[in-house]
Amino acid sequence: MSTTTLDEQAPPAVGAPAAAVRPRRPGRKRLGPGRPVPYGWAIGPLLLLALWAAGSGLGLVDARSLPAPWTIAGTAVDLIDNGKLQSHLATSAQRALLGLLFGVAAGLLLALVSGLSRLGEAVIDGPVQIKRAIPSLALIPLLILWFGIGETMKVITIALGVFVPVYIHTHNGLRTIDNRYAELAETVRLGRLAFVRHVVLPGALPGFLLGMRFAVTAAWLALVVVEQVNATSGIGYMMELARTYGQTDVIIVGLVVYGLLGLVSDALVRLVERRTLTWRRTLAG
């Protein structure tokens, strides 16, 4: 015997709007941002480049203030040919990676201590929030007095800019773990280390990766400044030297390099995020 109701068998009313009786296609998403756009991360930068090229070609942009993209490309090729760009880039990458390494390690360790212990939170969270309100770049004069103007000061400045976002987002990820998981862990008698491994770390991972996206950006921002403080190498030093001689094209090459480094590093973190958080179903797809 059929279980179809009379309402389902009845034809649509005469004059009813077509949308009211149109069957919904199975699997069709009506809400949300839709499917990911292939290479969508490159569309915005390419659009800016096209506008820049169009403005330069039409004479709307003063070449003395902002040289054309082909002029910048030629300058970059010259810097690559004589090896200057690679040398400065290697120095900058080393500073940024060291600062990022120390900053991430400090932020993650402090977040775990603060997030898993009320006493740890009482001791750690307040000073971190105070540091959060003080820009890392404002500490440069004090760091110069303490550590001099060498590499130590530069790496510490970058690390101070990195550890705050890692701490904030990892700590928030720990605090937003559902308490029922802790109760379940107690029920099955998980040890402390097993609880951290199977509950805490997976629960804090989304927050940590979000903090990493802010951290890599903070690392490059701090690097721009510290490399202009009595440096003898690095992209920032190259830009400062170009400012002295009025070489606008070299300065823009440095800015483009910084921008590409930030874009690539953020893309790498997002790739890790997609690979490690496959269990989440979000609007990002």
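Residues numbered from 1 in each chain as written. Predicted model: local features only at pLDDT ≥ 70, side-chain atom pairs only at ≥ 80, totals over all residues. Heavy atoms only, no water.

A look at the overall build of the protein chain
Thinking step 1. Tallying secondary structure elements over the protein chain gives 12 helices and 0 strands in all.
Thinking step 2. From first element to last, N terminus to C terminus, the protein chain shows the α and β order α-α-α-α-α-α-α-α-α-α-α-α.
Thinking step 3. In the protein chain, which comprises 285 residues, the proportion classed as buried is 32%.
Thinking step 4. Looking at the protein chain alone, contacts between residues at least 24 apart form 73% of all its contacts between residues at least 6 apart.
Thinking step 5. Of the roughly 18700 Å² that the protein chain leaves accessible, carbon and sulfur atoms contribute 65%. (Helix = DSSP H or I, 4+ residues; strand = E, 2+ residues; numbered from the N terminus. Buried < 20%, exposed > 50% of the residue type's maximum accessible area, 1.4 Å probe, protein only. Contact = heavy atoms within 4.5 Å. Areas by Shrake-Rupley, 256 points an atom, 1.4 Å probe, with all protein chains shown as cover.)

Focus on the pattern of salt bridges
Thinking step 1. This structure, assessed with the given rule, holds 7 salt bridges.
Thinking step 2. Where arginine 118 meets glutamate 121, a salt bridge forms, and the shortest distance between an N and an O atom there is 3.4 Å. Remark: glutamate 121 and arginine 118 occur in helix α6 (residues 118–133); sequence separation between them is 3 residues, near one turn of the helix.
Thinking step 3. Close ionic contact of arginine 213 with aspartate 266 constitutes a salt bridge, the shortest N to O distance being 2.9 Å. On the criterion of sequence distance, the pair formed by arginine 213 in helix α10 (residues 192–226) and aspartate 266 in helix α12 (residues 248–276) is long-range, its members being 53 residues apart. (Salt bridge = Lys/Arg side-chain N within 4 Å of Asp/Glu carboxyl O.)

Some details on a nonpolar patch on the surface
Thinking step 1. There is a patch of nonpolar side chains on the surface, built from Leu142, Leu145, Trp146 and Phe147 and spanning about 470 Å² of accessible area.
Thinking step 2. Along the chain, tryptophan 146 falls in helix α7 (residues 140–147). (Patch = residues over 30% accessible without salt bridge, like charges linked within 9 Å, V, L, I, M, F, W, Y side chains within 5 Å.)

Brief notes about the packing of α6 against helix α8 (residues 151–175)
Thinking step 1. Look at α6 against α8: their axes get within 11 Å of each other, and the N-to-C directions meet at 140 degrees. Viewed along their axes, α6 and α8 adopt a mutual orientation that is oblique. For the crossing formed where α6 meets α8, the hand is left-handed. Here α6 contributes Arg118, Glu121, Ile124, Asp125, Val128, Gln129, Lys131 and Arg132 to the contact with α8, which in turn contributes Leu160, Phe163, Val164, Tyr167, Ile168, His171 and Arg175.
Thinking step 2. Across the contact of α6 with α8, the residue classes break down as 7 nonpolar, 2 polar and 6 charged. (Axes fitted to C-alpha atoms, helices over the stretch in contact; angles between N-to-C directions. Parallel < 35°, antiparallel > 145°, perpendicular 65-115°, else oblique. Left-handed = near helix turned anticlockwise from the far one by under 90°. Nonpolar A, V, L, I, M, F, W, Y, C, P; charged D, E, K, R; others polar.)

A closer look at α8
Thinking step 1. With 25 residues, α8 extends 36 Å between its outermost C-alpha atoms, agreeing within 8% with the 36 Å of an ideal straight helix rising 1.5 Å per residue.
Thinking step 2. Counted residue by residue, α8 has 18 buried out of 25 residues, so it is predominantly covered. (Expected span 1.5 Å × (residues − 1).)

Concerning the environment of valine 113
Thinking step 1. Summarising the element assignment, valine 113 is placed in helix α5 (residues 84–116).
Thinking step 2. When near neighbours in sequence (up to four residues on either side) are disregarded, valine 113 contacts Gly120, Glu121 and Ile124.

Remarks on the side chain of serine 56
Thinking step 1. Of note, serine 56 is situated in helix α3 (residues 43–57).
Thinking step 2. With residues near it in sequence (within four places) discarded, serine 56 still touches Val61, Pro67, Ala68, Pro69 and Trp70.

A few points about the side chain of glutamate 227
Thinking step 1. Take glutamate 227: it is sitting in the loop between α10 and α11 (235–244).
Thinking step 2. Take glutamate 227: its relative accessible area is 1%, and that puts it in the buried class.
Thinking step 3. A distance of 2.6 Å separates polar atoms of two side chains, one belonging to glutamate 227 and the other to serine 92.
Thinking step 4. In terms of polar contacts, glutamate 227 uses its side chain to reach the side chain of tyrosine 258, at 2.8 Å.
Thinking step 5. Sequence-distant contacts of glutamate 227, defined by excluding residues within four places in its chain, comprise Ser92, Arg95, Gly234, Ile235, Gly236, Tyr237 and Tyr258. (Polar contact = N/O pair within 3.5 Å; in protein donor to acceptor, adjacent residues only side chain to side chain.)

A few points about the environment of histidine 169
Thinking step 1. Relative to the elements of secondary structure, histidine 169 occurs in helix α8.
Thinking step 2. Sequence-wise, histidine 169 and glycine 207 are 38 residues apart; in three dimensions their C-alpha atoms are separated by 4.8 Å.
Thinking step 3. Non-local contacts of histidine 169, meaning those with residues more than four positions away in its chain, are made with Gly207, Phe208, Leu210, Gly211 and Phe214.

Re the confidence of the model for the protein chain
Thinking step 1. The predicted model of the protein chain averages 83 in pLDDT, with 86% of residues at 70 or higher.
Thinking step 2. Mean pLDDT per element in the protein chain: helix α1 (residues 6–9) is the minimum at 46, and helix α4 (residues 69–81) is the maximum at 93.
Thinking step 3. This model gives residues 1–9 a pLDDT under 50, and the stretch forms 1 contact once residues within four places in sequence are excluded.
Thinking step 4. Taken as a whole, residues 12–16 scores under 50 in pLDDT and shows 1 contact with residues more than four places along the chain or in a different chain. (pLDDT = per-residue confidence, 0-100.)

A short note on α3
Thinking step 1. Taking 1.5 Å per residue, 15 residues should reach 21 Å; α3 reaches 21 Å between its end C-alpha atoms and fits that length.
Thinking step 2. Within α3, the full set of buried residues consists of Trp52, Gly55 and Ser56. Buried residues of α3 fall within an arc of 100 degrees about the axis and therefore sit on the same side. Exposed residues pointing more than 90 degrees away from the buried face of α3 are listed as Leu46, Leu47 and Gly57.
Thinking step 3. Along its buried surface, α3 packs onto α4 and α12.
Thinking step 4. Note on α3: the residue one or two positions beyond its end, glycine 59, has a positive phi of about 80 degrees. (Arc of directions from axis to C-beta.)

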